[in-house]
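Architecture at a glance
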Amino acid sequence: MIKIGSRAIDTNIFLAPLAGCADLSYRLVCREHGAGLAFYEMADVNSIVRAQGKNKDLFMPHPDDRPVAAQLLGSEPELTLEAARCLLALVKPVFIDINAACPVKKVMKKRSGAYFMLEPDRLYRIVEKLAANLDLPVTVKMRVGFNHIDQNHLVSLAKNLEKAGAAALFVHGRTRRQLYHGKVDYPSIRAVKRAVSIPVFGSGDVLSPQLAKKMFEETGCDGILVARGSQGSPWIFDQIRDYLKTGVLPEQVTLERKKRVLLRHLEYMQELRQSRPSNKMGLMRKMALYYLYDFPNAAKIRGSITPLKSYKALVEKIEGIPLG
Ligand SMILES: Cc1cc2nc3c(=O)[nH]c(=O)nc-3n(C[C@H](O)[C@H](O)[C@H](O)COP(=O)(O)O)c2cc1C
């Protein structure tokens, strides 16, 4: 159990925000395998405000998709508050997170996402604005630096976020320059943890139960985010929980089980119809490849899946993949 602001959450192992990946189907499958909290996909404040409640695709409520958090990408306090209000009219997240971690160029141009690591003043104002005007906790997902790590700067940024009213910090232990590659800097996450009294979550290379344990041990963090470690491996949540409790490494997941869970995941995607038809097949094929990457003849399987154009054809292909 962990408390974020006034909200108690049953687990401290969350499914990380994953734009373009962790849609409703993905979240439901992860929840069936132990993910106790998930994030909606990140939403740009401009598009939320412009859509005026028409973002139903992204924020499709579902009784099993709870508790859920929302993440906003914005750069102006007023507009971010307006977007948060539009969002709250649609769904009831347990907290709202501000993205100060996204590294893409388009976002840097808008001086948002990881850009806040360079110029944090507007980030403080956004957090202050939301914390003062909303009746739910506001958190921040950040990186440990922009081009390089300056621990003094990082620690003062974390302290200022706490002062501005942040209820928790999610810290990806890489700089913006590293994107998603290279070493995760555990000491920097530890420095943030020591600097503030709000919960600090570690993110970065939580790819296995052992690496989850390492994140806790090296940083002293209060919780962890599982990101790429869940792609094609939703059972990682149960595995981490069991390993932390017993110290016993999980048995290897059988190919038969991988196929079964993949088919269930695709069935959700087909039934819930969350993705727009134009990109749905692409996302289905992408998900299939995550699950099938370590099957015998994986390269051949990949080649045979890429051209498939329908759900039915994809399911037939997967059902026909030999297990031995
Ligand atoms: C496909 C993908 C989409 C992501 N989308 C977001 C996002 O919308 N918001 C965010 O804060 N982080 C996002 N991240 C970053 C992850 O939440 C996480 O911090 C990062 O991948 C490091 O964890 P990992 O090394 O265990 O994957 C994304 C990562 C990936 C791979």
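Parameters and conventions
Residues numbered from 1 in each chain as written. Predicted model: local features only at pLDDT ≥ 70, side-chain atom pairs only at ≥ 80, totals over all residues. Near = placed C-beta within 6 Å. Nonpolar A, V, L, I, M, F, W, Y, C, P; charged D, E, K, R; others polar. Domains from an automatic or database assignment. Contact = placed C-beta atoms within 7 Å. Buried ≥ 20, exposed ≤ 12 C-beta atoms within 10 Å, placed from the backbone. Helix = DSSP H or I, 4+ residues; strand = E, 2+ residues; numbered from the N terminus. Expected span 1.5 Å × (residues − 1). Arc of directions from axis to C-beta. Pairing = 2+ DSSP bridges. Right-handed = clockwise from strand over helix to strand, strands pointing away.

Bringing the site of the ligand into the picture now. For the ligand, the set of nearby residues contains 23 residues, the closest of which are A16, A19, M42, A227 and R228. Along the lines of polarity and charge, the residues of the shell around the ligand split into 13 nonpolar, seven polar and three charged.

With that out of the way, let us pick up the domain arrangement of the protein. Domain assignment breaks the protein into domain 1 (6-246) and domain 2 (255-319). Listed per partner, the contact involves ten residues of domain 1 and eleven residues of domain 2. Its residues assigned to classes, the side of domain 1 that touches domain 2 comprises five nonpolar, three polar and two charged.

So, about helix α7 (residues 186-195). Y186, S188, I189, A191, V192 and K193 are the residues of α7 that are buried. Residues of α7 that are buried make contact with β8 (138-145), α6 (151-164), β9 (169-175), β10 (200-203) and α8 (209-219).

Relative to the helices and strands, R122 resides in helix α5 (residues 121-133). Along the backbone, R122 and F295 are 173 residues apart, and their C-alpha atoms lie at a distance of 47 Å.

Turning our attention to helix α10 (residues 255-272). Along its 18 residues, α10 runs 26 Å from first to last C-alpha, staying within 8% of the 26 Å computed at 1.5 Å per residue. Burial in α10 covers these residues: K258, L262, H265, L266, Y268 and M269. Buried residues of α10 fall within an arc of 150° about the axis and therefore sit on the same side. Of the exposed residues in α10, those oriented more than 90 degrees away from the buried face are E256, R257, R260 and E271.

A word on the environment of S304. Summarising the element assignment, S304 is placed in helix α12 (residues 298-305). Its 13 C-beta neighbours within 10 Å are what place S304 among the partly exposed residues. Taking the C-alpha atoms as reference, S304 lies 43 Å from T139; in sequence the two are 165 residues apart.

Quick look at the pairing of strand β6 (residues 68-73) now. Most of β6 is tucked away: six of the six residues are buried. For strand β4 (residues 38-39) and β6, the ladder comprises two bridges, and the chain directions are parallel. Note on β6: the bridge partner recorded for F39 is A69. Both strand β5 (residues 43-44) and β6 contribute to a ladder of two bridges, which runs parallel. Looking at the pairing, A43 lines up with L72 of β6. At this point the chain moves from β6, through helix α3 (residues 77-90), to the parallel strand β7 (residues 96-100), and the crossover so formed is right-handed.

Inspection of the secondary structure assignment puts L58 in the loop between α2 (45-51) and β6. Residue classification places L58 among the buried positions, given that 20 C-beta atoms sit within 10 Å. For L58 and E119, which are 61 residues apart along the polypeptide, the C-alpha to C-alpha distance reads 29 Å.

Now for the pairing of β7. With five of five residues buried, β7 lies mostly within the body of the structure. In β7, alternate side chains face the same way, and those of I96, I98 and A100 on one face and D97 and N99 on the other are all buried. The pairing of β6 with β7 spans three bridges and is parallel. Its bridge partner lying in β7, L72 is registered against I98. Taken together, the five bridges between β7 and β8 define a ladder with parallel strand orientation. Across the sheet, residue I96 finds its bridge partner in β8, namely V138.

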